Amino acid sequence: AMWSGLFTHLTESWNNFKGLDPGYVTWMDLMEKHGYHAQKFGKLDYTSGHHSVSNRVEAWTRDVHFLLRQEGRPMVNLTGDRKQVRVMKADWRNTDKAVNWIKEEAVNLTQPFILYLGLNLPHPYPSPYAGENFGSSTFLTSPYWLGKVTYEAIKIPKWSSLSEMHPVDYYSSYTKNCTGDFTKEEVRNIRAFYYAMCAETDAMLGEIISALGDTGLLRKTIVIFTADHGELAMEHRQFYKMSMYEGSSHVPLLVMGPGVKEQQQIPNVVSLVDIYPTMLDIARIPVPQHLSGYSLLPLLREKAESEVSPRKPRPSWVLSEFHGCNVNSSVYMVRTGKWKYIAYSDGSSVLPQLFDLTADPDELTNIAVKFPVIVHSLDKLLRSIVNYPKVSSSVQEYNKRQFISWKQSLGHNYSSVIANLRWHQDWLKEPKKYENAIDKWL
């Protein structure tokens, strides 16, 4: 969404394996075409073919009637000592590369530049002791960063009982190995380590801002900090992402630079699809009219409309959708004002959810049954943006096609390969039962 400026149902980037089609023109490509020097460091996973076999097979088989844990149980790991600042070494290497590039290259450029730095932090780490297939579930930090977290300030999220959970939430919690018992101390630690990882990320951003300051570039550079998803960190009995709850879908978006009003907090709901038109607007490049997003410049600069590409006014809603692993249905969320409406699948086989974020910021009470008129009007709005029953059906067909072709490519090795993916601990107890469930689905 961020690189294409389009909603997922338009790019058909259905999961972490199927990204944008080859040759898709990103905002960075367009800026290069218009004379910008473009430099990328770090994580870039918007093209197809990324992520593990586990990840894509779990996404393809989400309609199969079985429950298998796909993740290691979330845990914490303290490494190093009070002097260890650099825990996520790969991210620091990329940050150093970016800093050196600013100091040695950017400063001498005669043309404007665009620098992209993609960090993994504060993402949980793969659990190394159990091999790649065990899943990403370790919150790792050092005493240096943990010392910056105030334990007393950490809120322990309330949980609904397993029997009260929405069926899709239950599936997510189960596949993420979060339906077991966790002590308050375990939950508090997971959250504390996550905040410590955020602090380390923040230090990397600090290095970039300092480098721009040291070279005199900061006064003429716009800096944007955002993320592709949040971290549930044990809210709603889940960690990780793949959810429309605030912990997962509400991401940071911070902007500083010339012409951007300082210390303002903008109340509008905005989206990662807005990055594409915003980048072009900053560069005074005409914005293509087919994009799903809207330039953020009018909000940042408090001008009535964008300088180059006047468009119809920004809508009062944002859309989010997810079709990948750890959910057993396509999920669609529309957020407008205090309301968050979440619809699933075809809109009738799985019940929707409605939350009033003003009265219920922790999203503990689904009030869809209580407010049928609001549900009806939000569902109508959602269908005007995306024909979601049709999209869900397309994703189901895509998943089946992909799985069949993958299965055929393995020949006699199929049973062995599928048994030893990330769900191997559960699968190996009754492999025939799970293979039969897949055959029935096919």
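Presented here is an overview of the structure given in this document. A quick note: this is a predicted structure, and the numbers were derived from the prediction, not measured.

Description of unusual backbone geometry
In step 1: Leu121 connects to Pro122 through a cis peptide bond whose omega is 0°.
In step 2: Residue position: Pro122 is located in the loop between strand S3 (113-118) and strand S4 (125-126).
In step 3: Of note in the backbone geometry, Arg284 takes a positive phi value of approximately 55° without being a glycine.
In step 4: Note that Arg284 resides in the loop between helix H9 (275-282) and helix H10 (297-301).

Things to note about the packing of helix H4 (residues 89-104) against helix H7 (residues 184-214)
In step 1: Where H4 contacts H7, the axes come no closer than 9 Å and their chain directions differ by 10°. Considering their axes alone, H4 and H7 lie roughly parallel with respect to each other. From H4, Asp91, Trp92, Thr95, Ala98, Val99, Ile102 and Lys103 reach across to H7, where they touch Glu200, Ala203, Met204, Glu207, Ile208, Ala211, Leu212 and Asp214.
In step 2: Taken together, the residues of the contact of H4 with H7 break down into 9 nonpolar, 1 polar and 5 charged.

Structural notes on helix H15 (residues 431-441)
In step 1: Listed as buried for H15 are Tyr434, Glu435, Ala437, Ile438 and Trp441. The buried residues of H15 occupy an angular sector of 155° when projected down its axis, which confines them to one face. When the buried face of H15 is taken as reference, the exposed residues oriented beyond 90 degrees from it are Lys432 and Lys440.
In step 2: In this fold, the buried residues of H15 make contact with helix H3 (53-60), helix H12 (388-410), helix H13 (414-419) and helix H14 (424-427).

Quick look at the environment of Gln70
In step 1: With respect to the helices and strands, Gln70 occurs in the loop between H3 and strand S2 (75-78).
In step 2: Among the residues examined, Gln70 registers a relative accessible area of 2% and is labelled buried.
In step 3: Placed 105 residues apart in sequence, Gln70 and Thr175 show a C-alpha to C-alpha distance of 5.0 Å.

Overview of the environment of Glu235
In step 1: Relative to the helices and strands, Glu235 is located in the loop between strand S6 (223-226) and helix H8 (246-249).
In step 2: For the pair formed by Glu235 and Tyr245, sequence separation is 10 residues and the distance between their alpha carbons is 8.7 Å.

A word on helix H6 (residues 167-175)
In step 1: Counting buried residues in H6 gives 7 out of 9 residues, a clear majority hidden from the surface.
In step 2: Along H6, the residues that are buried comprise Val168, Asp169, Tyr171, Ser172, Ser173, Tyr174 and Thr175.
In step 3: Its buried side turned inward, H6 meets strand S10 (339-344), strand S11 (353-356) and H14.
In step 4: One or two residues past the end of H6 sits Asn177, with phi positive at roughly 60°.

Procedures and definitions
- Residues numbered from 1 in each chain as written.
- Predicted model: local features only at pLDDT ≥ 70, side-chain atom pairs only at ≥ 80, totals over all residues.
- Heavy atoms only, no water.
- Helix = DSSP H or I, 4+ residues; strand = E, 2+ residues; numbered from the N terminus.
- Axes fitted to C-alpha atoms, helices over the stretch in contact; angles between N-to-C directions.
- Parallel < 35°, antiparallel > 145°, perpendicular 65-115°, else oblique.
- Contact = heavy atoms within 4.5 Å.
- Nonpolar A, V, L, I, M, F, W, Y, C, P; charged D, E, K, R; others polar.
- Buried < 20%, exposed > 50% of the residue type's maximum accessible area, 1.4 Å probe, protein only.
- Arc of directions from axis to C-beta.

Read these as spatial facts, not as claims about activity.
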